[in-house]
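Topology and contacts: notes
These are the residues of each chain, in order.
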Amino acid sequence: MSIQHTESVPDSSEEARVEQVLAIVREVLSKPGLTADDEVMDYGGTSLSIVRILAEMRRTLGTDVNLRELGGSVTARSLVRAAR
């Protein structure tokens, strides 16, 4: 019997990027305990704080995020997946 895995397993470079973005999100929101899957808006995030997160991602990581790809959920992990 074979068990098939339907979830994609992130590679180490994606996880490293998630940690970088998570550090930015924690700093902008002043919430050091946030995890990569915590919704930004649930922890006091506003549209302005999302703009600040995106600006810092661009400045420090050189990435842009297509907001349409977020699907309404803004987490450190979703930001990495929507980055180009």
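Anyway, here's the lowdown on the structure attached to this text.

Brief notes about the environment of leucine 34
Looking at where leucine 34 falls in the secondary structure, it is placed in the loop between α1 (12-29) and α2 (47-61). Residue leucine 34 is classed as buried on the basis of its relative accessible area of 3%. For the pair leucine 34 and alanine 76, spaced 42 residues apart in sequence, the C-alpha separation works out to 9.3 Å.

Things to note about the nonpolar core
The biggest cluster of nonpolar side chains holds 22 residues, and the ones touching the most others in it are Val21, Val25, Val40, Ile53, Met57, Val65 and Leu79. Among the elements of the structure, α1, α2 and α3 (76-82) are those that each provide at least two residues to this core. Counting residues per element, this core draws most heavily on α1, at 7 residues. When sequence neighbours within four positions are dropped, the list of residues in contact with valine 65 reads Leu54, Met57, Leu70, Leu79, Ala82, Ala83 and Arg84.

Parameters and conventions
- Residues numbered from 1 in each chain as written.
- Predicted model: local features only at pLDDT ≥ 70, side-chain atom pairs only at ≥ 80, totals over all residues.
- Heavy atoms only, no water.
- Helix = DSSP H or I, 4+ residues; strand = E, 2+ residues; numbered from the N terminus.
- Buried < 20%, exposed > 50% of the residue type's maximum accessible area, 1.4 Å probe, protein only.
- Core = buried A, V, L, I, M, F, W, Y, C linked by side-chain atoms within 4.5 Å.
- Contact = heavy atoms within 4.5 Å.

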